[in-house]
Amino acid sequence: MVVKTHCKGRGLTGLHVGASNVRRYFPRDISVIELQLDHLQIRCCLSPDFWDDRPEIDDPRLCAWLESKQFNAKADRTPMPLAMIPSGKNSFKLEPFGMNGHAKLRHFPPLA
């Protein structure tokens, strides 16, 4: 799935997952997901409004990783697309898009 970085101010960067991705990949009964960020694996809590009106993932470690990769290095903080690839139950691998602007995305069935 394709997600985008989001910024709510200086130093606050997370992921905007999008409502359609939330419906497809995130069962309502989960409150935590695992993200693989290069060699680092973190657990992120999902807020109760994740499924309703705020399909975003915010975590200080995720923020630090995104900032270290300079995904929001532009002065205007334009959202950058990333590939969020299912890698197990409630687990995803986060990868940047390739140099040509495309990720090598494969189709994955929704998680049950």
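Everything that follows concerns the structure shown earlier in this document.
Notes on the structure in this doc start here. As the structure is a computational prediction, the values presented were derived from the model and not from experiment.

Summed over the entire model, instances satisfying the criterion amount to 3 aromatic pairs. For the ring pair Phe26 and Phe50, a centre distance of 5.1 Å and an interplane angle of 80° mean the geometry is edge-to-face. In this pair, Phe26 is assigned in the loop between helix H1 (19-25) and strand E3 (32-37) and Phe50 in the loop between strand E4 (40-45) and strand E5 (56-57), connecting sequence segments 24 residues apart. For Phe26, a relative accessible area of 3% translates into the label buried. The exposure class assigned to Phe50 is buried, which follows from its relative accessible area of 1%. Ring centres of Phe50 and Trp51 lie 5.1 Å apart, and the angle between their planes is 85°; on these two criteria the pair is classed as edge-to-face. Neither Phe50 nor Trp51 differs from the other in exposure class; each is buried. A connected cluster of aromatic rings, assembled from ring pairs, spans Phe26, Phe50, Trp51 and Phe92.

Criteria and thresholds
Residues numbered from 1 in each chain as written. Predicted model: local features only at pLDDT ≥ 70, side-chain atom pairs only at ≥ 80, totals over all residues. Heavy atoms only, no water. Phe/Tyr/Trp six-rings, centres within 6.5 Å; stacked < 30°, edge-to-face > 60°. Helix = DSSP H or I, 4+ residues; strand = E, 2+ residues; numbered from the N terminus. Buried < 20%, exposed > 50% of the residue type's maximum accessible area, 1.4 Å probe, protein only.

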